[in-house]
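One letter stands for each residue in the lines below.
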Amino acid sequence: MEKMGQGSLPEKIIVNKFGGGILIKNFIPLMVERLREQIKDGYSPIVVISALPGVTDELLKNSDESFLETLKEKHIQIMTDINFNKEWLEKAEIELNKLFADLKNDLKLTKTVLANEDKIIAYGEKLSATIFTFYLNMLNLPAQRFLAEEIPIITDDNFKNANIVYEISEKNIQENLQEKIYNSKVIPVIPGFTGRTAEGKTTTLGRGGTDTTACFGGSALRVEKVILWKDVNGVLSTDPKIVPEAKTIENINYQEAKRAGKIIHDKAIQYVKLFNTPLEIASITNPELKTEVSKIKQPENGAKIISYKKDTIFMLGNFDAQHVNNLNNLLIKLKIDLNPNTFLYKNCAMLKAVVKTDNINKVIKVLHKEFIR
């Protein structure tokens, strides 16, 4: 895959991924503020958006049309909460009614067929993208919704965890978004998480699918950067519920992001790695609090992130034998039975320890104090 020639697309594009966690009354106006800031600085923003909180689960668990009215009210309510005026509320409702009519028909399909289930749960992102597109236009920010099936983003037929067919989809997104971004100055709003097969069947991209859409778009359009907006201060050194003073990690490399698990899914990482596309994980309330994910040749020594799952602690960073020895000594002092192992990867190391204790929170606090600088 060759890099596109100069002038084929504007050089200063930013892909903004807005996840479900920030699609609430308090944060949606801030999403617009971030886009205005980018435009003021000479960038052309693209939006990739998730479903409203809880909507995907509702679509998954409901098999008939009885819940549709409640689901519709939820979307109408968010428009009311963010002060849609009467004119734009009516315009948006017309489009939402079309989507709900389609959803009602699709619910008559057998949901046990994976292809049909994908088609149904993809409506969550389509609904939120529709609302946000109308919201931007109401605020005099020209925007246009681009469904993944319309671009189209082509995938294989591995329903519920589909893989993007890169070269075909790259060409499609370049051809369909170029004129809108460069000449019409329109903000594309793309529902994340979705695509379609070559035969036209709707697919979903699996866990972290909206991140995958955003990073794919960033790679295909050779953008300035991709920003994954969050309601937290970037990537934190540990769970702030356990350690309130957890710090924002300024930068991590691709391997560290991959091994950390919850930061960004492998599928998404592969796309930003293609052309070393800069990736940021940033706070929607304070963009200065962010973590940059990039190619780092030599990571700094020591731990960056401490996480856990059940009885296993993971310390991510760049470790030597002394770090492992220090960890052993510390946990022996705490009278904790453990079996530490260090797993070495390219430009990344992960120290994994199985801890037999009922108070893993205490262990996290001690490790954070001793190892995070």
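Parameters at a glance
Residues numbered from 1 in each chain as written. Predicted model: local features only at pLDDT ≥ 70, side-chain atom pairs only at ≥ 80, totals over all residues. Heavy atoms only, no water. Axes fitted to C-alpha atoms, helices over the stretch in contact; angles between N-to-C directions. Helix = DSSP H or I, 4+ residues; strand = E, 2+ residues; numbered from the N terminus. Parallel < 35°, antiparallel > 145°, perpendicular 65-115°, else oblique. Contact = heavy atoms within 4.5 Å. Nonpolar A, V, L, I, M, F, W, Y, C, P; charged D, E, K, R; others polar. Pairing = 2+ DSSP bridges. Buried < 20%, exposed > 50% of the residue type's maximum accessible area, 1.4 Å probe, protein only.

### A short note on the packing of helix α7 (residues 166-182) against helix α8 (residues 209-220)
Next up, step 1: For the pair α7 and α8, interaxial distance at closest approach is 9 Å and the crossing angle is 75°. Taken together, the axes of α7 and α8 lie roughly perpendicular to each other. Where α7 approaches α8, its residues Tyr166, Ser169, Glu170, Ile173 and Gln174 are matched on the opposing element by Phe216, Gly217, Ser219 and Ala220.
Next up, step 2: A per-class count over the contact of α7 with α8 returns four nonpolar, four polar and one charged.

### Side note on the sheet that holds strand β4 (residues 187-191)
Next up, step 1: Ordered by their spatial adjacency, eight strands build an open sheet running β3-β4-β2-β1-β7-β9-β10-β8, and the pairing between neighbours is mixed. Because the sheet does not close on itself, it has two edges, and the strands there are β3 (143-145) and β8 (251-253). Within this sheet the neighbouring strands show an average axis-to-axis angle of 20°, counted without direction.
Next up, step 2: In this structure, strand β7 (residues 225-230) lies alongside strand β9 (residues 279-283), joined through five bridges in parallel fashion. Residue pairing in the sheet places leucine 228 in a bridge with isoleucine 281 of β9.

### Focus: the pairing of β7
Next up, step 1: In terms of residue burial, β7 counts as a mostly covered element, since five of its six residues are buried.
Next up, step 2: Summarising the sheet, strand β1 (residues 13-18) and β7 pair through five bridges and their orientation is parallel. Its bridge partner being in β7, phenylalanine 18 is matched across the sheet by tryptophan 229.

### Notes on the side chain of threonine 210
Next up, step 1: With respect to the helices and strands, threonine 210 occurs in helix α8.
Next up, step 2: When its relative accessible area of 6% is taken as the criterion, threonine 210 is described as buried.
Next up, step 3: Once you skip the residues sitting within four places of it in the chain, threonine 210 turns out to touch Lys17, Val48, Ile49, Ser50, Glu125, Gly192 and Phe193.

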